[in-house]
Amino acid sequence: MQQTVFQIRTSGAGLYEFTRDVSGWLGDTGLRSGLLTLFVRHTSASLLIQENADPEVQTDLKAFFDRLVPPSDDPSMAYLRHTYEGPDDMPAHIKAVMMPVSLQIPVAEGRAVLGTWQGIYLFEHRRAPHRREVAAHLMGD
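These lines cover the structure that appears in this document, whether it is placed above or below. (Residues numbered from 1 in each chain as written. Predicted model: local features only at pLDDT ≥ 70, side-chain atom pairs only at ≥ 80, totals over all residues. Heavy atoms only, no water.)

### Some remarks on the overall build of the protein chain
Right, so step 1: Per the secondary structure count, the protein chain includes 3 helices and 8 strands.
Right, so step 2: Helices and strands in the protein chain line up, N terminus first, as β-β-α-β-β-α-α-β-β-β-β.
Right, so step 3: Across its three principal axes, the protein chain shows a C-alpha extent of roughly 55 × 30 × 20 Å.
Right, so step 4: Counting only residues that meet the buried cut, the protein chain has 40% of its 141 residues in that class.
Right, so step 5: Residue pairs at least 24 apart in sequence account for 79% of intrachain contacts in the protein chain once pairs closer than 6 positions are excluded.
Right, so step 6: As presented, the protein chain carries roughly 7900 Å² of accessible surface, and 52% of it is formed by carbon and sulfur atoms. (Helix = DSSP H or I, 4+ residues; strand = E, 2+ residues; numbered from the N terminus. Buried < 20%, exposed > 50% of the residue type's maximum accessible area, 1.4 Å probe, protein only. Contact = heavy atoms within 4.5 Å. Areas by Shrake-Rupley, 256 points an atom, 1.4 Å probe, with all protein chains shown as cover.)

### Some thoughts on helix 3 (residues 89–98)
Right, so step 1: Among the residues of helix 3, those classed as buried are Asp89, Pro91, Ala92, His93, Lys95 and Ala96.
Right, so step 2: Turning to helix 3, the residues buried within the fold contact strand 4 (45–51) and helix 2 (55–68).

### A word on the environment of Arg32
Right, so step 1: Here Arg32 is to be found in the loop between helix 1 (19–29) and strand 3 (34–40).
Right, so step 2: Ignoring sequence-local partners within four residues, the contact set of Arg32 consists of Val107, Ala108, Glu109, Gly110 and Asp141.

### Brief notes about the sheet that holds strand 6 (residues 111–112)
Pairing between sheet strands relies on hydrogen bonds along the backbone, with the strands arranged either parallel or antiparallel.
Right, so step 1: One open sheet holds the 5 strands; their spatial order is 1-8-3-5-6, and the pairing between them is antiparallel. Of all the strands in the sheet, just strand 1 (2–10) and strand 6 have a single pairing partner and so form its edges.
Right, so step 2: Strand direction decides the pairing type here: strand 3 and strand 5 (residues 102–108), joined by 6 bridges, are antiparallel. Its bridge partner being in strand 5, Leu36 is matched across the sheet by Ile105. (Pairing = 2+ DSSP bridges.)

### Thoughts on the pattern of salt bridges
Right, so step 1: Counted under the stated rule, the structure contains 7 salt bridges.
Right, so step 2: Here Lys62 ties to Asp66 by a salt bridge, and the two come within 2.5 Å at their closest N and O atoms. Remark: Asp66 and Lys62 occur in helix 2; sequence separation between them is 4 residues, near one turn of the helix.
Right, so step 3: Glu133 is the partner of Arg131 in a salt bridge, and the nearest nitrogen-oxygen pair spans 3.6 Å.
Right, so step 4: By relative accessible area, which is 44% here, Arg131 ends up partly exposed. (Salt bridge = Lys/Arg side-chain N within 4 Å of Asp/Glu carboxyl O.)

Right, dumping it as structure tokens:
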């Protein structure tokens, strides 16, 4: 068993790939096979496995979720009560409920078993920069 915490600095809402960080850590553990669990330790961010070849995918995903869940100062969101932390806070919590906050990824030959165009992303839902933590737990041999 191995554990670590990845620190991911964000500059606002959007997707932040950290596949290389995960791959480097997996290589350093010495474990050849197992199951990797990643867990974001925040209530206003999510984790995704998504295409990493075309950056328009990340742009389109952010635009889709911004349209689906607009800020609380949008008239369509007037029903929200938790607004004192800013117009992006409660919508960020809603987005985090809609997307995964943990991932499980098989590990074989010391590498994450991802598809050719798949990357591991933190999806930051807040507008302001943050330092996010993603806990990693690898069980294997």
